Amino acid sequence: MSENTSLTKDASFRYANALFNLALETNSAHEFEKDLDKILKIINADPNFSLFIKSPLYPRENQLSTMKAIGLKLKLHENVINTILVMTSKRRLFALKEMILQYKDLCRNDRNELIVEVASVSELNQNDLDKIKKSINSKVDGNIIIKSKTDPNILGGLIVKVGSKLIDTSIRSKLAKLKNNLKEVGWWTSKHQKYQLF
């Protein structure tokens, strides 16, 4: 792990935990999460804003005044604004997105939610998603939240991510395993490259 990555992770974890503990004391966890989602939406939609919070070239005073103005315009809770301003004054604004994601993880854990990411070659219908949810619910505890996306590169099958565990049943993965097996038995030599499937 690089020094910058470690610093970002440490800062995001520290500030997210501080804000979450404050939220629990005031019964405001959901309200704070909604406020942070407003900031996250801007970060994801505006590359210039993303650069603004990450670049060390912008003066601290400029970042402070900008973040305060954004907080007031979005009508963020005072504790959310103050947390962001403290991060800014400590030159930790670069970790804002990671802090928000960490805070959302803490909220999900508190609600006993488990995010399951499902990738398929075409969009899954609700019946398919319900079957996946039921299958996972039979093996793990918690409120399952399915997030599905399409990825034509997987060719077929599914890629399911449950927490840190990855279940890859895609055709792309099976073809890769087949290629490796053929290499091991000496069949996949240079003269067969013209028959490469992927």
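Please read these numbers as outputs of a predicted model, since none were measured by experiment. (Residues numbered from 1 in each chain as written. Predicted model: local features only at pLDDT ≥ 70, side-chain atom pairs only at ≥ 80, totals over all residues. Heavy atoms only, no water.)

1. Remarks on the overall build of the protein
Keep this limit in mind: Each helix is a run of H or I in the DSSP string that is no shorter than four residues. Each strand is a run of E no shorter than two, and both are numbered from the N terminus. Burial classification: accessible surface area is computed with a 1.4 Å probe over protein chains only, and a residue below 20% of its type maximum counts as buried, one above 50% as exposed, and the rest as partly exposed. Contact criterion: two residues are considered in contact whenever any of their non-hydrogen atoms come within 4.5 Å of each other. Surface accessibility in these figures is a Shrake-Rupley result with a 1.4 Å probe; residues are shielded only by whichever protein chains are displayed.
The secondary structure content of the protein amounts to eight helices and four strands. In the protein, buried positions account for 35% of the 198 residues. Across the protein, the fraction of contacts at a sequence separation of at least 24, relative to all contacts at a separation of at least 6, is 64%. Summing over all exposed atoms, the protein offers an accessible surface of approximately 12700 Å²; the carbon and sulfur share of this is 53%.

2. Some thoughts on unusual backbone geometry
For Asn27, which is not glycine, the phi dihedral falls at a positive 55°. With respect to the helices and strands, Asn27 occurs in the loop between α1 (3-25) and α2 (29-45). Although it is not a glycine, Arg91 adopts a positive phi angle of roughly 60°. Counting through the fold element by element, Arg91 comes out in the loop between α5 (78-89) and α6 (96-110). Exposure remark for Arg91: the relative accessible area of 26% places this residue in the partly exposed category.

3. A word on the sheet that holds strand β3 (residues 158-162)
Quick note on the threshold: Any two strands are treated as partners once DSSP identifies two or more bridges connecting them. Here the axes come from fitting lines to C-alpha atoms, over the contacting stretch only for helices, and the angles between their N-to-C directions go from 0 to 180 degrees.
Taken together, the four strands give an open sheet; going across it, the order is β2-β1-β3-β4, and neighbouring strands pair in mixed fashion. Of all the strands in the sheet, the pair left with one neighbour each is β2 (143-150) and β4 (165-168). Across the sheet, the axes of successive neighbouring strands diverge by a mean angle of 15°, strand direction being ignored. As judged from the four bridges shared by β3 and β4, these two strands associate in the antiparallel manner. Bridging across to β4, Ile159 finds its partner in Asp168. Its contacts with the sheet place helix α7 (residues 126-137) against β1 (113-120), β2 and β3, and it is angled at close to 135° to β2.

4. A short note on the confidence of the model for the protein
Our working rule: The quantity known as pLDDT measures the predictor's confidence residue by residue, on a range of 0 to 100.
On average, residues of the protein score 86 in pLDDT, and 89% of them reach the 70 mark or higher. For residues 194-198, every residue scores under 50 in pLDDT, and the model assigns this stretch eight contacts once sequence neighbours within four places are set aside.

5. With respect to the packing of aromatic side chains
The relative placement of two aromatic rings is captured by the distance of their centres and the angle of their planes. Put simply, the rule is: Pairing of aromatic rings covers Phe, Tyr and Trp, the last through its six-membered ring, and needs centres within 6.5 Å; plane angles under 30 degrees mean stacked, over 60 mean edge-to-face, and all others mean tilted.
Here the structure, examined in full by the defined rule, presents three aromatic pairs. Measuring from ring centre to ring centre gives 5.8 Å for Phe20 and Tyr103, while their planes differ by 75°; the resulting arrangement is edge-to-face. Of the two residues, Phe20 sits in helix α1 while Tyr103 sits in helix α6, which places them 83 residues apart along the sequence. The same class applies to Phe20 and to Tyr103, which are both buried. Three or more aromatic residues joined by ring pairs make a cluster, and in this case those are Phe49, Phe52 and Tyr58.

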